[in-house]
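# Examination of the molecular architecture
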Amino acid sequence: MQIAIDGPGGAGKSTLSKKLAKTLRFVYIDTGAMYRAAGLLCLRNGIEIRQEPDKAIALTKKANIDLVIAETGQKILLNGEDVTDLIRTPEISMAASDVSAIPEVRLQLVELQRKLGQTHDVIMDGRDIGTYVLPNASIKIFLTAAPEVRAKRRLAELTEKGEVCDYDTVLADLKRRDHNDSTRAFAPLKAAEDSIVVDTSELTFEESFTHLYTIIKERL
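The shown structure was predicted, so the numbers you read here are calculated from the model rather than taken from an experiment.

Bringing the overall build of the protein chain into the picture now. Tallying secondary structure elements over the protein chain gives nine helices and eight strands in all. Its C-alpha radius of gyration of 16 Å places the protein chain within 12% of the 17 Å reference for a compact globule of 220 residues. Referenced to the eigenvectors of the C-alpha coordinate spread, the extents of the protein chain come out at roughly 45 × 40 × 35 Å. Per-residue burial over the protein chain gives 51% buried out of 220 residues. In the protein chain, the proportion of contacts linking residues at least 24 apart, taken out of those at least 6 apart, comes to 75%. About 10,800 Å² of surface is accessible on the protein chain, with carbon and sulfur atoms providing 51% of the total. Between the mean site of the 30 positive side-chain charges and the mean site of the 33 negative ones, the protein chain shows a separation of 2 Å.

Written as structure tokens, this is what we have:
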């Protein structure tokens, strides 16, 4: 069973997908973490991703990016190093957006994502799951919210982790990534034609969870 949850950053995909997967006893897969790991790799090696896509491709081909499913939750490994907690910064978000626009990198990581979707009952979140990674998913949901609401959520998340940032910067970064992700030539961010669009702008986390859980249970 495959459930695809797509949407822009800050819409609540990860937190909602994790709880839904735990409740339904599915495996949760955060595909964005893979692109974040690739972005981290490029930054560590001083690569200007947009100006040097060939270098980014060569570097990621040599790298070992693994998603490990564990009882305590998903972990992302970069060449054997657990980078799960290192990839949730605004800088890494932009690097992930840039590297995910490179078709060769996407193809490499999508292969792994599809294998996971074929061997487990999964809830997979990302930006092109329902349209490209799992086009035949049983249930497709496109989760969104107003940019200002998403920026406030992301700021709270970063502040809780001890990151020093301000609302205007977070909002600008989020809008820039929205634009990059929705206008890239290969597998852009968009709602699949057969997806259910859910706007959580006016919903609390618990209200959003209840709404999505109801949708899923009705269709399982």
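Another aspect to go through is the nonpolar core. In globular proteins that are soluble, nonpolar side chains generally tend to be buried together. Judged by nonpolar contacts, the single largest core of 40 residues is most densely connected at Ile65, Ile76 and Val99. A per-element tally of this core places helix α2 (residues 32-44) first, with eight residues. Here Ile76 is in contact with Ala33, Met34, Ala37, Ile65, Asp66, Leu67, Glu81, Asp82, Val83, Thr84 and Ile87, once residues within four sequence places are set aside. Core analysis: the second largest hydrophobic core is formed by 18 residues, Ile5, Leu16, Ile139 and Ile216 among them.

A separate point is helix α3 (residues 53-62). Considered for burial, the residues of α3 that qualify are Ala56, Ile57, Leu59 and Thr60. Where α3 is buried, its residues touch α2 and α5 (103-119).

What follows is about the packing of aromatic side chains. On inspection of all chains with the given rule, the structure shows two aromatic pairs. When the centroid spacing of 5.2 Å and the interplanar angle of 70 degrees are considered together, the rings of Tyr132 and Phe186 count as edge-to-face. Of this pair, Tyr132 sits in helix α6 (residues 129-133) while Phe186 sits in the loop between α8 (167-183) and β8 (196-199); the two residues are 54 residues apart in sequence, bridging distant segments of the chain. When its relative accessible area of 22% is taken as the criterion, Phe186 is described as partly exposed. For the ring pair Phe209 and Tyr213, a centre distance of 5.8 Å and an interplane angle of 20 degrees mean the geometry is stacked. Placement of the pair is Phe209 and Tyr213 together in helix α9 (residues 205-219), with a separation of four residues, close to one helical turn. What makes Tyr213 partly exposed here is its relative accessible area of 27%. Above the ring of Phe209, the side-chain terminus of Lys19 is found at 4.5 Å from the ring centroid.

The tally for this structure, following the rule as stated, stands at two cavities of 30 Å³ or more. As a volume, the largest cavity reaches approximately 150 Å³. Together, 13 residues line the largest cavity, and Ser93, Arg154, Val170, Asp173 and Leu174 are the ones closest to its centre. Secondary-structure elements contributing two or more residues to the lining of the largest cavity are α4 (90-100), α7 (147-160) and α8. The greatest single-element share of the lining of the largest cavity, amounting to five residues, is contributed by α8. Put simply, the second largest cavity is a space of about 80 Å³. Surrounding the second largest cavity, Thr31, Gly32, Tyr35, Ser100, Arg106, Gly126, Arg127, Asp128, Arg177 and Arg184 form its lining. Among the residues making up the lining of the second largest cavity, the classes are represented as one nonpolar, four polar and five charged.

For the pair α2 and α4, the least separation of the axes is 7 Å and the interaxial angle reads 100 degrees. What the angle tells us is that α2 and α4 run roughly perpendicular. Residues Tyr35, Arg36, Ala38, Gly39, Leu40, Cys42 and Leu43 of α2 touch α4, and the partners they reach there are Glu91, Ile92, Ser93, Ala95, Ala96, Val99 and Ser100. Residues of the contact of α2 with α4, tallied by class, amount to nine nonpolar, three polar and two charged.

Reading guide: rules and limits
Each chain has its residues counted from 1, following the order in which its sequence is written. Totals for whole chains, interfaces and linings use every residue, but because this is a predicted model, local features are given only for residues with pLDDT of at least 70 and side-chain atom pairs only at 80 or more, for both listing and counting. Working from all heavy atoms in the structure, the side-chain values ignore hydrogens and water. A run of DSSP states H or I qualifies as a helix once it reaches four residues; a run of E qualifies as a strand once it reaches two. Both are numbered from the N-terminal end. Here the globule rule is a power law, 2.2 Å times the number of residues to the power 0.38, and the radius of gyration is based on C-alpha atoms. Type-normalised accessible area, obtained with a 1.4 Å probe on protein chains alone, sets the label of each residue: buried when under 20%, exposed when over 50%, and partly exposed for intermediate values. In what follows, a contact means two residues having at least one pair of non-hydrogen atoms within 4.5 Å. Areas reported as accessible are Shrake-Rupley estimates using a 1.4 Å probe. Residue values count occlusion only from the protein chains shown. For the purpose of charge, His is not counted, nor are the chain termini; Lys and Arg are scored as positive and Asp and Glu as negative. Charged side chains are reduced to one point each, which is NZ for Lys, CZ for Arg, CG for Asp and CD for Glu. Grouping buried Ala, Val, Leu, Ile, Met, Phe, Trp, Tyr and Cys residues that are joined through side-chain atoms within 4.5 Å yields what is termed a nonpolar core. Two rings belonging to Phe, Tyr or Trp (six-membered ring only in the last case) form a pair when the distance between their centres is within 6.5 Å. Interplanar angles under 30 degrees mark stacking, angles over 60 mark edge-to-face geometry, and anything in between is tilted. Counting as a charge over the ring demands two things of the Lys NZ or Arg CZ atom: a distance within 6 Å of the ring centre and an angle within 35 degrees of the ring normal. A pocket, in this scheme, is an open set of points on a 1 Å grid over the protein atoms alone with protein on both sides within 12 Å along at least 5 of 7 lines, while a cavity is a set where a 1.4 Å probe fits but cannot get out; residues line either one if an atom lies within 4 Å of a point. Grid points are joined across faces, edges and corners, and a volume is the space filled by probe spheres set on the points. In this count, Pro and Cys sit with the nonpolar residues alongside Ala, Val, Leu, Ile, Met, Phe, Trp and Tyr, while Asp, Glu, Lys and Arg are called charged and the others, Gly among them, polar. Convention adopted: a line fitted to C-alpha atoms gives each axis, helices being fitted over their contacting stretch, and angles between N-to-C directions are expressed from 0 to 180 degrees. Oblique is the label for every angle not falling under 35 degrees (roughly parallel), over 145 degrees (roughly antiparallel), or within 65 to 115 degrees (roughly perpendicular).

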